[in-house]
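Below are the chains, spelled out letter by letter.
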Amino acid sequence: METLDLSDNEISTFAPSTFKIHPRLRKIILAKNKIERFSPDLANMLDFLEVIDLSENQLTIIDQLDFSRYANLRELYFAQNQIELLNDMAFHNSTQLQIIDLSRNRLERLSERAFLGMSRIEKLDLSHNTLQELPEGIFDKSRVVKVENIILANNSFRSIPFSALKDQHDSVYSLDMSYNKLTDIPASNAYMVMVNIKDVDFSFNSLSEQAIKMLLEQPKTVRKLNLAMLLVIVFSIKQLCWRCSMCLPTDSKTSIR
């Protein structure tokens, strides 16, 4: 057996030895249960495990080294739990881990060591939490070698976390900061972070006219820029000098000169 789906049950706890008879499991789906704690000892039984789905459970904390011993783990899903705390090095040494979904939880802050020891984060979803900032250095290459796609939508950011992203300027492919509280974007910091980025979403914020103009002058590497439902947009058609797919507001006050 390689895939085991136990979703939509009333499971609240289990012994790691439960899975001893299926040592070659690659995917476990435990979504929509009542799990409050996930035992790290499961790693001793399942050397080939690649995907763990714990969405829609009752987790409140991911503890230090909880998911650090899975040599082949690639995807972790924690969406729609009640997670308030992500401890240091929770994923340390899970060097194959590439997708982490922490959306729709109760995270207010993260430690700069939260993702320490990871090689490549292909997709990190932190949307629908209450984050206001990311700590400087959380994505330093000395801690995380590569970060490609980051989703920070539906949080409480008032500024783009440039200090957290600066060391990944050559790796970040997409950044989603829609539905936040952004108003201004310093041009010098934006260029430093967006030098190689392809997909940017700042929709449903209250960006100033100056911030909009600055974004339209960013490097030609940007291919998709979502500025839907902003408060005011005024720009010159000459600024659209690079090929891109650009989403603009439908109901906001938009002026093209």
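Predicted model only: the values in this text are computed from it and were never measured.

Considerations on the nonpolar core
The biggest cluster of nonpolar side chains holds 70 residues, and the ones touching the most others in it are Phe67, Phe78, Leu86, Phe91, Phe115, Ile185 and Phe202. Those elements that provide at least two residues to this core are β8 (118-125), β9 (144-151), α1 (162-165) and α3 (209-216). The dominant element in this core, judged by the number of residues it contributes, is α3, at 5 residues. Beyond its immediate stretch of four places on either side in the chain, Phe78 contacts Leu54, Ser55, Leu59, Ile62, Phe67, Ile83, Phe91, Ile100, Asp101, Leu102, Ser103 and Asn105.

Details of the pattern of salt bridges
Under the defined criterion, the tally for this structure stands at 14 salt bridges. In this structure, the salt-bridge partner of Glu2 is Arg26, at a minimum N-O distance of 3.7 Å. Note that Glu2 is positioned in the segment before β1 (3-5) and Arg26 in the loop between β1 and β2 (27-29), a separation of 24 residues in sequence. Its relative accessible area of 48% is what places Glu2 among the partly exposed residues. Arg26 sits in the partly exposed class, given a relative accessible area of 27%. A salt bridge links Lys34 to Glu10; the shortest N-O distance between them is 2.7 Å.

Let's talk about the packing of aromatic side chains
Counting across every chain of the model gives 9 aromatic pairs. With centroids separated by 5.7 Å and ring planes inclined at 70 degrees, the aromatic side chains of Phe14 and Phe38 adopt a geometry described as edge-to-face. Taken together, the residues Phe14 in the loop between β1 and β2 and Phe38 in the loop between β2 and β3 (51-53) connect sequence positions 24 residues apart. Phe38 carries the same exposure label as Phe14, and that label is buried. Between Phe38 and Phe67, the ring centres sit 5.4 Å apart and the planes meet at 10 degrees, which makes this aromatic pair stacked. Taken together, the residues Phe38 in the loop between β2 and β3 and Phe67 in the loop between β4 (61-62) and β5 (75-77) connect sequence positions 29 residues apart. Overall, the relative accessible area of 2% leaves Phe67 in the buried class. Aromatic ring contacts, followed pair by pair, group Phe14, Phe19, Phe38, Phe67, Tyr70, Phe78, Phe91, Phe115 and Phe139 into a single cluster. Note that Arg24 overlies the ring of Phe48, its terminal NZ or CZ placed 4.3 Å from the centroid.

Comments concerning the side chain of Asp201
Take Asp201: it is sitting in strand β11 (residues 199-201). No salt bridge is formed by the buried Asp201; the nearest opposite charge belongs to Lys224, separated by 6.9 Å. One polar contact links Asp201 to Asn226, side chain to side chain, over a distance of 3.4 Å. Once residues lying within four places of it in the same chain are set aside, the contact partners of Asp201 are Leu175, Asp176, Met177, Ser178 and Asn226.

A short note on the pairing of β8
Here 3 bridges tie strand β7 (residues 99-101) to β8, and the two strands are oriented parallel to one another. Across the sheet, the residue bridging to Ile100 is Leu124, located in β8. As paired strands, β8 and β9 are joined by 6 bridges and run parallel to one another. In the strand pairing of β9, Leu124 is matched with Ile150.

Criteria and thresholds
Residues numbered from 1 in each chain as written. Predicted model: local features only at pLDDT ≥ 70, side-chain atom pairs only at ≥ 80, totals over all residues. Heavy atoms only, no water. Core = buried A, V, L, I, M, F, W, Y, C linked by side-chain atoms within 4.5 Å. Buried < 20%, exposed > 50% of the residue type's maximum accessible area, 1.4 Å probe, protein only. Helix = DSSP H or I, 4+ residues; strand = E, 2+ residues; numbered from the N terminus. Contact = heavy atoms within 4.5 Å. Salt bridge = Lys/Arg side-chain N within 4 Å of Asp/Glu carboxyl O. Phe/Tyr/Trp six-rings, centres within 6.5 Å; stacked < 30°, edge-to-face > 60°. Lys NZ or Arg CZ within 6 Å of the ring centre and 35° of its normal. Lys, Arg positive; Asp, Glu negative; His and termini not counted. Polar contact = N/O pair within 3.5 Å; in protein donor to acceptor, adjacent residues only side chain to side chain. Pairing = 2+ DSSP bridges.

Treat this as a map of the structure, not an account of what it does.
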